[in-house]
Amino acid sequence: MSLQASSKAPDDYQADFLISLLQDMIFYRRFEERVLVAYTKMKFAGFCHLHIGQEGLCVGVQRAIDPQDYVITGYRSHTQAIAKGIPARDVLAELFGKVSGCSRGKGGSMHMFSREKRFYGGHGIVGGQVPIAVGMAWKIHYNEENHVVVCYLGDGAINQGQVYEAMNMACIWQLPVLFIIENNLYGMGTHIGRTTSVGAKTLYKRALAFDMAHSQVNGQNVLDVYQQVNKLVKGMREAPGPHLLEALTYRYKGHSVSDPSLYRTKEEIQGYMNHDDPIKNLSDKLIQDKIASKDDIKQWDKKVKATLKTLEASVDKDMDPELSEAYEHVYS
């Protein structure tokens, strides 16, 4: 597996770059599927939100930014943490509440974190990460650094007041923050068309209130995401300023692992799986361009599953945090 956050593509998309994109997406999907099985086996408890179906966005964004750039997100953060460079083992250990986890087993599913990798969560409060992202972008501005902040938020967060206060400040000071709405159409169990006046797939228009640059991208096509974010980030480095990017994507599972997803039809979900799945989209391209065969892809998938099985068995043996640690790492 490549899993290299700093890997960039040449203009002509060499075969190894395309293969690595597909391998990463396969890894992230199988990782999340394994997390779901572990949850049903009661290996860990609490809230758990899966990213299955949205892998194209995670991979495309990460390939377009540099390791020194900052990423902050909401609670659907496992694969975004891995993409930013946190080892998959550390993420799984954090889920399992092990002391070897990236937050020493104290954060769990919603609070992945690594100062070293500049991944600042994982936040359980809807929209709560957006003001923090603007603060990080202010730090970049104040220190005259040439970095950017990527701030993921869900379509359910787009109606939160603090989101607009933060976006307004980002525009006033022209801060280098890329706000990315992961529009998977459902805020918990409510279709976004019932909660916003601008329409289900036009959330990027909210930027008009601040005269902020804005655009939209197909989050189910990893190459579209890479091209768009690469262009936006390059522009931010040359002339800092915020941008609101709406990524149209879809989650196959419920809002969380406890959500049976009865508010949508099986036909709707299957339609995305058959016709707009990020892994299928790139797989079809690789096969059509004779870069890989169906057998190649099956072998990569098989290898990922074996790797994750071994990884989980290893994490199972790790120690839980000592009770004496309960009041440590609470304050900085």
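Residues numbered from 1 in each chain as written. Predicted model: local features only at pLDDT ≥ 70, side-chain atom pairs only at ≥ 80, totals over all residues. Heavy atoms only, no water.

(A) Here's a closer look at the overall build of the chain. Scanning the chain from N- to C-terminus turns up ten helices and seven strands. In terms of overall size, the chain behaves like a compact globule, its C-alpha atoms giving a radius of gyration of 19 Å where 332 residues would be expected to give roughly 20 Å. A total of 332 residues make up the chain; the buried ones form 52% of that total. A separation of at least 24 residues holds for 73% of the contacts in the chain among residues at least 6 apart in sequence. Entry remark: accessible area of the chain is about 15,300 Å², with carbon and sulfur atoms responsible for 53%. Across the chain, the mean location of the 38 positive side-chain charges is 4 Å away from that of the 38 negative side-chain charges. (Helix = DSSP H or I, 4+ residues; strand = E, 2+ residues; numbered from the N terminus. Rg over C-alpha atoms; globule rule 2.2 N^0.38 Å. Buried < 20%, exposed > 50% of the residue type's maximum accessible area, 1.4 Å probe, protein only. Contact = heavy atoms within 4.5 Å. Areas by Shrake-Rupley, 256 points an atom, 1.4 Å probe, with all protein chains shown as cover. Lys, Arg positive; Asp, Glu negative; His and termini not counted. Charge placed at Lys NZ, Arg CZ, Asp CG, Glu CD.)

(B) Structural detail: the packing of aromatic side chains. Within the structure shown, the criterion is met by 14 aromatic pairs. Ring geometry for Tyr 39 versus Phe 44: centroids 5.1 Å apart, planes at 80°, classification edge-to-face. With a relative accessible area of 22%, Tyr 39 lands in the partly exposed category. Seen in terms of ring centroids, Tyr 186 and Tyr 263 are 5.3 Å apart; in terms of plane orientation they differ by 45°. Their pairing is tilted. Here the residue Tyr 186 occupies a position in strand E4 (residues 186–187), and Tyr 263 occupies one in the loop between strand E7 (243–248) and helix H8 (266–275), the gap between them amounting to 77 residues. (Phe/Tyr/Trp six-rings, centres within 6.5 Å; stacked < 30°, edge-to-face > 60°.)

(C) Summary view of a nonpolar patch on the surface. On the surface, a nonpolar cluster with roughly 560 Å² of combined accessible area is contributed by Trp 138, Tyr 142, Met 169, Ile 172 and Trp 173. Along the chain, the position of Met 169 falls in helix H6 (residues 161–172). (Patch = residues over 30% accessible without salt bridge, like charges linked within 9 Å, V, L, I, M, F, W, Y side chains within 5 Å. Salt bridge = Lys/Arg side-chain N within 4 Å of Asp/Glu carboxyl O.)

(D) Geometry of the confidence of the model for the chain. On average, residues of the chain carry a pLDDT of 93, and 96% of them reach 70 or more. Taken as a whole, residues 1–11 scores under 50 in pLDDT and shows 27 contacts with residues more than four places along the chain or in a different chain. (pLDDT = per-residue confidence, 0-100.)

(E) Fine view of unusual backbone geometry. The peptide bond linking Gly 121 to Gly 122 adopts the cis configuration, its omega dihedral lying at 20°. With respect to the helices and strands, Gly 122 occurs in the loop between helix H4 (88–95) and helix H5 (129–142). In this structure, Met 188 takes a positive phi of about 55° despite not being glycine. Mapped onto the elements of the fold, Met 188 is located in the loop between E4 and strand E5 (190–191). Note on Met 188: relative accessible area 53%, which makes it exposed.

(F) Highlighting the nonpolar core. Core analysis: the largest hydrophobic core is formed by 97 residues, its most contacted members being Leu 22, Phe 31, Leu 95, Val 149, Phe 179, Ile 180 and Val 229. Contact partners of Val 149, with chain neighbours within four places excluded, come to Tyr 70, Ile 72, Ala 133, Met 136, Ala 137, Ile 140, Pro 176, Val 177 and Leu 178. (Core = buried A, V, L, I, M, F, W, Y, C linked by side-chain atoms within 4.5 Å.)

(G) Broad picture of the sheet that holds strand E6 (residues 213–218). With respect to topology, five strands assemble into an open sheet ordered E1-E2-E3-E7-E6, the strand pairing being parallel. The outermost strands of the open sheet, each flanked by one partner alone, are strand E1 (70–72) and E6. Taking each pair of neighbouring strands and ignoring which way they run, the sheet shows an average axis angle of 20°. Direction of pairing for E1 relative to strand E2 (residues 149–154): parallel, over a ladder of three bridges. Across the sheet, the residue bridging to Ile 72 is Cys 151, located in E2. In the packing of helix H7 (residues 222–238) onto the sheet, contacts are made with strand E3 (177–183), E6 and E7, and the angle to E6 comes to roughly 160°. (Pairing = 2+ DSSP bridges. Axes fitted to C-alpha atoms, helices over the stretch in contact; angles between N-to-C directions.)

(H) View of the pairing of E3. The buried fraction of E3 amounts to seven of the seven residues, a majority that puts the element mostly inside the structure. Where burial is concerned, the two faces of E3 agree: the one with Val 177, Phe 179, Ile 181 and Asn 183 and the one with Leu 178, Ile 180 and Glu 182 are both buried. Sheet analysis places E2 next to E3, joined by six bridges and oriented parallel. Bridged to Val 150 within E3 is Leu 178. Crossover handedness for the path E2 to H6 to E3: right-handed. Direction of pairing for E3 relative to E7: parallel, over a ladder of six bridges. (Right-handed = clockwise from strand over helix to strand, strands pointing away.)

(I) Representation of the pairing of E7. Counting buried residues in E7 gives five out of six residues, a clear majority hidden from the surface. Sheet analysis places E6 next to E7, joined by six bridges and oriented parallel. By the bridge assignment for E7, Asn 218 is matched with Leu 248. Taken together, E6, H7 and E7 form a β-α-β motif whose crossover is right-handed.

(J) Region of interest: the pattern of salt bridges. This structure, assessed with the given rule, holds 18 salt bridges. The closest approach of N and O atoms between Asp 301 and Arg 30, which form a salt bridge, is 2.7 Å. Highlighted residues: Asp 301 in helix H10 (residues 294–316) and Arg 30 in helix H1 (residues 15–40), separated in sequence by 271 residues. The partner of Asp 289 in a salt bridge is Lys 285, and the shortest N-O contact between them spans 3.0 Å. Residue class for Asp 289 comes out partly exposed when judged on its relative accessible area of 38%. Take Lys 285: its relative accessible area is 30%, and that puts it in the partly exposed class.

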